[in-house]
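# Observations on the model geometry
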Amino acid sequence: MTHSFRDRLYRTNAIVLQIRDFGEADRILVVFTQGHGKISIIVKGARKARSRMGPYLDYFSEVALHLTRGRDLDVVTSVTTIHQHPNLRTDIDAFGHAAHFAELVRDLTQERQENPRVYELLSSSLSLLNDGIDPWHIARHFELGLLITLGYSPQLFRCVTCQRDLDAVPNRFSSGLGGMLCDLCAGQDPSAMLLSINAQKYLRTLSRSGLGSVIGIKPSAFERNEINQAMSSYLRHVGERDFNSLRVLGAMQRAPTPGAV
Ligand SMILES: [Zn+2]
């Protein structure tokens, strides 16, 4: 069956996740689109000095694309910038976090599976990073929101095994079982990590009430580290892989010691 040229044209908003050079002067991009999920596209002549489109398709840019369906890769025919996020290119910490979001979306979503909620989460998180909001809070909100949206919501409110209400004491978080364990069930996963009362409260508040309700909370360095470890471990379990961006972010943060603020 053949399609007319008009049938092969479409338009979608997209966020650039990954860029690599291809051939003499082209680039292949992985983008997350509003209407078609994650797709790979080709930008012909993007590396030429006079390219009309190349400069607009930088990392984490949000753009409106016109595309033509190709045999292997869809071809970009025009680009309009929606959000360029210029501050992400001058703030190394914000850039590292944006790279983390892009890697998670790239690795945890399937090709051409539409998911507007993932798009909105990524779009709003990049804008908040660009606006200079504390990347640590944005990142935890992004990670938890992405996990929930993709169907991997961790059980934070009750024991994931016996459903008993959790006592207000340090409890263990099991990545393998997907949530908190009560004292009686703690032995079911020897690798489960202990979370302080404050770390548990932070994650519950974030899950129940969103970013606005945690932005004023100032977890200690120790509590931040606990939350980082729990989220990283669960992401690695869900993704069945390590994430480069988690290693980079970990290296960027000084290892805190218990009790440090
Ligand atoms: Zn239990």
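Structure's up top.
The following paragraphs examine the structure supplied in this document.

Reading the values: the criteria
- Residues numbered from 1 in each chain as written.
- Predicted model: local features only at pLDDT ≥ 70, side-chain atom pairs only at ≥ 80, totals over all residues.
- Heavy atoms only, no water.
- Helix = DSSP H or I, 4+ residues; strand = E, 2+ residues; numbered from the N terminus.
- Contact = heavy atoms within 4.5 Å.
- Areas by Shrake-Rupley, 256 points an atom, 1.4 Å probe, with all protein chains shown as cover.
- Pairing = 2+ DSSP bridges.
- Donors = N, O, S within 2.8 Å, 3.2 Å for Na, K, Ca; no water.
- Tetrahedral: all angles 85-135°; square planar, octahedral: opposite > 155°, others 65-115°.
- Buried < 20%, exposed > 50% of the residue type's maximum accessible area, 1.4 Å probe, protein only.
- Axes fitted to C-alpha atoms, helices over the stretch in contact; angles between N-to-C directions.
- Expected span 1.5 Å × (residues − 1).
- Polar contact = N/O pair within 3.5 Å; in protein donor to acceptor, adjacent residues only side chain to side chain.
- Phe/Tyr/Trp six-rings, centres within 6.5 Å; stacked < 30°, edge-to-face > 60°.
- Salt bridge = Lys/Arg side-chain N within 4 Å of Asp/Glu carboxyl O.

A count of helical and extended segments in the protein gives 8 helices and 8 strands. Pairs at least 24 apart in sequence give 60% of the contacts found in the protein among residues at least 6 apart. When the accessible surface of the protein is summed, it comes to about 13,300 Å², and 50% of that surface belongs to carbon and sulfur atoms.

As a further point, take the pairing of strand E6 (residues 171-174). Sheet topology places E6 next to strand E8 (residues 193-195); 3 bridges connect them, and they run antiparallel. Residue Asn-171 lies in a different strand from E8, and its bridge partner there is Leu-195. In the sheet, E6 pairs with strand E7 (residues 179-181) via 3 bridges, with the strands oriented antiparallel. Each bridged residue has a counterpart across the sheet, and for Ser-174 the counterpart in E7 is Gly-179.

Okay, the coordination of the zinc ion next. Each pair of donors in an ideal four-coordinate tetrahedral metal site encloses 109.5 degrees, whereas pairs in an ideal six-coordinate octahedral site enclose 90 or 180 degrees. Donor atoms from the polypeptide that coordinate the zinc ion comprise Cys-159 (SG), Cys-162 (SG), Cys-182 (SG) and Cys-185 (SG), at 2.3 Å from the metal. Classification of the site at the zinc ion rests on its 4 donor atoms, whose angles at the metal span 103 to 114°, yielding the label tetrahedral. All donors to the zinc ion come from one chain, and their sequence spacing reads C-x2-C-x19-C-x2-C. The exposure class assigned to Cys-182 is buried, which follows from its relative accessible area of 2%.

In this section: the sheet that holds E7. Here 3 strands make up an open sheet; going across it, the order is E7-E6-E8 and the pairing antiparallel. Looking at which strands have only one partner, the edges of the open sheet turn out to be E7 and E8. Within the sheet, the average angular offset between the axes of one strand and its neighbour, ignoring direction, is 45°. Sitting on the sheet, helix H5 (residues 197-209) touches E6, E7 and E8, and the angle it makes with E8 is about 85°.

Let us now look at the environment of His-141. Looking at the secondary structure, you find His-141 in helix H4 (residues 135-149). Expressed as a C-alpha distance, the spacing of His-141 and Gly-210, which sit 69 residues apart in the sequence, is 7.1 Å. Once residues lying within four places of it in the same chain are set aside, the contact partners of His-141 are Leu-121, Leu-206, Gly-210 and Leu-211.

This part takes up H4. One full turn of an α-helix is made of 3.6 residues, so residues set three or four places apart face in the same direction. Across its 15 residues, H4 extends 20 Å between first and last C-alpha, which sits within 8% of the 21 Å expected from 1.5 Å per residue. Extensive coverage of H4 is indicated by the burial of 12 of its 15 residues. Along H4, the residues that are buried comprise Pro-135, Trp-136, His-137, Ile-138, Ala-139, Arg-140, Phe-142, Glu-143, Leu-144, Gly-145, Leu-146 and Leu-147. Contact partners of the buried residues in H4: helix H2 (92-108), helix H3 (116-130), H5, helix H6 (211-214), helix H7 (221-239) and helix H8 (244-252). Its side-chain oxygen 2.9 Å from the backbone nitrogen of Trp-136, Asp-134 forms the N-cap of H4. Just downstream of H4 lies Gly-151, where phi reads positive at about 90°.

As a further point, take the packing of aromatic side chains. Applying the stated rule across the entire model yields 5 aromatic pairs. Ring centres of Tyr-59 and Phe-60 lie 5.6 Å apart, and the angle between their planes is 55°; on these two criteria the pair is classed as tilted. Residue Phe-60 is classed as buried on the basis of its relative accessible area of 2%. For the ring pair Phe-173 and Tyr-234, a centre distance of 5.8 Å and an interplane angle of 90° mean the geometry is edge-to-face. Note that Phe-173 is positioned in strand E6 and Tyr-234 in helix H7, a separation of 61 residues in sequence. Judged by its relative accessible area of 6%, Tyr-234 falls in the buried class.

What follows is about unusual backbone geometry. Located in the positive-phi region is Phe-60, a residue other than glycine, with phi close to 70°. Along the polypeptide, Phe-60 turns up in the loop between strand E3 (37-43) and strand E4 (62-68). Despite not being glycine, Gln-163 shows a phi value in the positive range, around 70°. Structurally, Gln-163 is set in the loop between H4 and E6.

A separate point is the pattern of salt bridges. Taken as a whole and assessed by the stated rule, the structure comprises 10 salt bridges. Residues Arg-89 and Asp-58 are paired through a salt bridge, measuring 3.7 Å at the closest nitrogen-oxygen approach. Here Arg-89 is found in the loop between strand E5 (74-83) and H2, whereas its partner Asp-58 is found in the loop between E3 and E4, with 31 residues between them in sequence. Exposure remark for Arg-89: the relative accessible area of 32% places this residue in the partly exposed category. By relative accessible area, which is 30% here, Asp-58 ends up partly exposed. Here Asp-134 ties to Arg-224 by a salt bridge, and the two come within 3.2 Å at their closest N and O atoms. Placement of the pair is Asp-134 in the loop between H3 and H4 and Arg-224 in helix H7, with a sequence separation of 90 residues. Residue classification places Arg-224 among the partly exposed positions, given a relative accessible area of 21%. What emerges from the salt-bridge pattern is a single network uniting Asp-21, Arg-27 and Arg-47.

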